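Notes for the structure review
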Amino acid sequence: MNDRANVVVMDPDACSTPVVDADRVSSVRRSLPSEETVQDLAQVFALLADPARLRMMAALLEGGEMCVCDLAAATGQSMSGASHALRMLRMRRVVKVRRSGRMAYYQLADSHVRMLFDLAITHARHTEAERGDG
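Now for a look at the structure at hand. (Residues numbered from 1 in each chain as written. Predicted model: local features only at pLDDT ≥ 70, side-chain atom pairs only at ≥ 80, totals over all residues. Heavy atoms only, no water.)

Describing the overall build of the chain
Helix and strand content of the chain: 6 helices and 3 strands. Along its sequence from the N terminus, the chain presents helices and strands in the succession α-α-α-β-α-α-β-β-α. Summarising the internal contacts of the chain: among those between residues at least 6 apart in sequence, 50% fall at separations of at least 24. On the chain, roughly 10,200 Å² of surface is accessible, and the fraction owed to carbon and sulfur atoms is 54%. (Helix = DSSP H or I, 4+ residues; strand = E, 2+ residues; numbered from the N terminus. Contact = heavy atoms within 4.5 Å. Areas by Shrake-Rupley, 256 points an atom, 1.4 Å probe, with all protein chains shown as cover.)

So this is what it looks like as structure tokens:
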């Protein structure tokens, strides 16, 4: 008879009990953001997953308010590409626009966006230093 036939392999990450600390689970569930907020965050992070849009944000972080022509030149994008990226960022309220005559000037929407992007850059540099890349 084969002794291995009765062996059950358990996933080491699997819980044998559905809820271990019910109070903690309830507390965490109450503090989670709403479904609408989570969906908004997912859309913003998906938007920021594009390198061209990230370069656009980095240029705005460094240069402050800039026109689309200067942003295109600074990021190495075409005017069309820069305009499209800015339109998408504006739709998600990541950047805002100020018009002066026929010119449009863009800047990061608020200090929260600036702080989020700054922290992401700091994290990336920290990770590079740990790997020995930077």
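Observations concerning helix α5 (residues 79-91)
With 13 residues, α5 should cover 18 Å at 1.5 Å per step; its first-to-last C-alpha distance of 18 Å lies within 8% of that length. Close packing links the buried residues of α5 with α2 (35-47), α3 (51-63), α4 (68-75), β2 (95-100) and β3 (103-108). One or two positions beyond α5, positive phi appears at R93, with a value near 60 degrees. (Expected span 1.5 Å × (residues − 1).)

Let's talk about the sheet that holds strand β1 (residues 66-67)
A sheet is described by the order of its strands in space; here 3 strands give the open sequence β1-β3-β2, paired in antiparallel fashion. Two strands bound the open sheet, and with one partner strand each, they are β1 and β2. Summarising the sheet, β2 and β3 pair through 6 bridges and their orientation is antiparallel. Counted as the bridge partner of V97 is Y106 from β3. Relative to the sheet, α3 contacts β1, β2 and β3, its axis offset from that of β3 by approximately 90 degrees. (Pairing = 2+ DSSP bridges. Axes fitted to C-alpha atoms, helices over the stretch in contact; angles between N-to-C directions.)

So, unusual backbone geometry
Note on backbone geometry: most residues besides glycine have negative phi, and most peptide bonds are trans. Of note in the backbone geometry, R93 takes a positive phi value of approximately 60 degrees without being a glycine. Here R93 shows up in the loop between α5 and β2. Given the relative accessible area of 59%, R93 is considered exposed. (Buried < 20%, exposed > 50% of the residue type's maximum accessible area, 1.4 Å probe, protein only.)

A closer look at the state of the cysteines
Here the structure, examined in full by the defined rule, presents 0 disulfides. C67 carries a free sulfur, and the closest cysteine sulfur to it, the one in C69, is 4.4 Å from it. The partly exposed category is assigned to C69, whose relative accessible area is 35%. (Disulfide = S-S within 2.5 Å.)

A closer look at the packing of α3 against helix α6 (residues 111-131)
Where α3 contacts α6, the axes come no closer than 11 Å and their chain directions differ by 110 degrees. As the angle between them shows, α3 and α6 are arranged roughly perpendicular. Within the contact between the two elements, α3 uses L54, M57, A58, L60 and L61 and α6 uses V113, R114, F117, D118 and I121. For the contact of α3 with α6, a count of residues per class yields 8 nonpolar, no polar and 2 charged. (Parallel < 35°, antiparallel > 145°, perpendicular 65-115°, else oblique. Nonpolar A, V, L, I, M, F, W, Y, C, P; charged D, E, K, R; others polar.)

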